[in-house]
Amino acid sequence: QVQLVESGGGLVQPGGSLRLSCAASGTIRSIYSMDWYRQAPGKQRELVATITSGGTTNYADSVKGRFTISRDNAKNTVFLQMNSLKPADTAVYYCKATLTVLGGLINIYWGQGTQVTVSS
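To keep things clear, this report deals only with the structure shown in the data block. (Residues numbered from 1 in each chain as written. Predicted model: local features only at pLDDT ≥ 70, side-chain atom pairs only at ≥ 80, totals over all residues. Heavy atoms only, no water.)

1. Focus on the overall build of the protein
Secondary structure assignment for the protein yields zero helices and 11 strands. Its helices and strands in sequence order give the protein the pattern β-β-β-β-β-β-β-β-β-β-β, from N to C terminus. The C-alpha radius of gyration of the protein comes to 14 Å, within 12% of the 14 Å expected for a compact globule of 120 residues. Dimensions of the protein along its principal axes, counting C-alpha atoms only, are 50 × 25 × 25 Å. Taken across its 120 residues, the protein has 44% of its residues classed as buried. Residue pairs at least 24 apart in sequence account for 54% of intrachain contacts in the protein once pairs closer than 6 positions are excluded. Within the structure as shown, the protein displays about 6,300 Å² of accessible surface, and the carbon and sulfur contribution to it stands at 49%. In the protein, the 11 positive side-chain charges and the 6 negative ones have mean positions that sit 2 Å from each other. (Helix = DSSP H or I, 4+ residues; strand = E, 2+ residues; numbered from the N terminus. Rg over C-alpha atoms; globule rule 2.2 N^0.38 Å. Buried < 20%, exposed > 50% of the residue type's maximum accessible area, 1.4 Å probe, protein only. Contact = heavy atoms within 4.5 Å. Areas by Shrake-Rupley, 256 points an atom, 1.4 Å probe, with all protein chains shown as cover. Lys, Arg positive; Asp, Glu negative; His and termini not counted. Charge placed at Lys NZ, Arg CZ, Asp CG, Glu CD.)

The analysis is restricted to geometry; functional conclusions fall outside its scope.
Shown next as structure tokens:
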């Protein structure tokens, strides 16, 4: 099967930076888009950034100019570089991958989430 494992979360002061990673493993044939979502307490999960297999990126307005999504296709890994962090960025960050497994159809997989806390 497929597993997505996130890492890189933690506590950071306002204005600081963090880099999240998400590695996909298993019997993967092709990964199409890889995305980062976040969910703050009491709020709905929201899309933060997305990147296609060809490298096309898209960002939520709230993070444009501060966050950068990238991916290493050879390692089935997506990254989220977060700069100039604000307390409003505090949330659990989730990785999502749209992919096909060997002999299978397109499906969506989620990681377990990593906590990002921005506080002084």
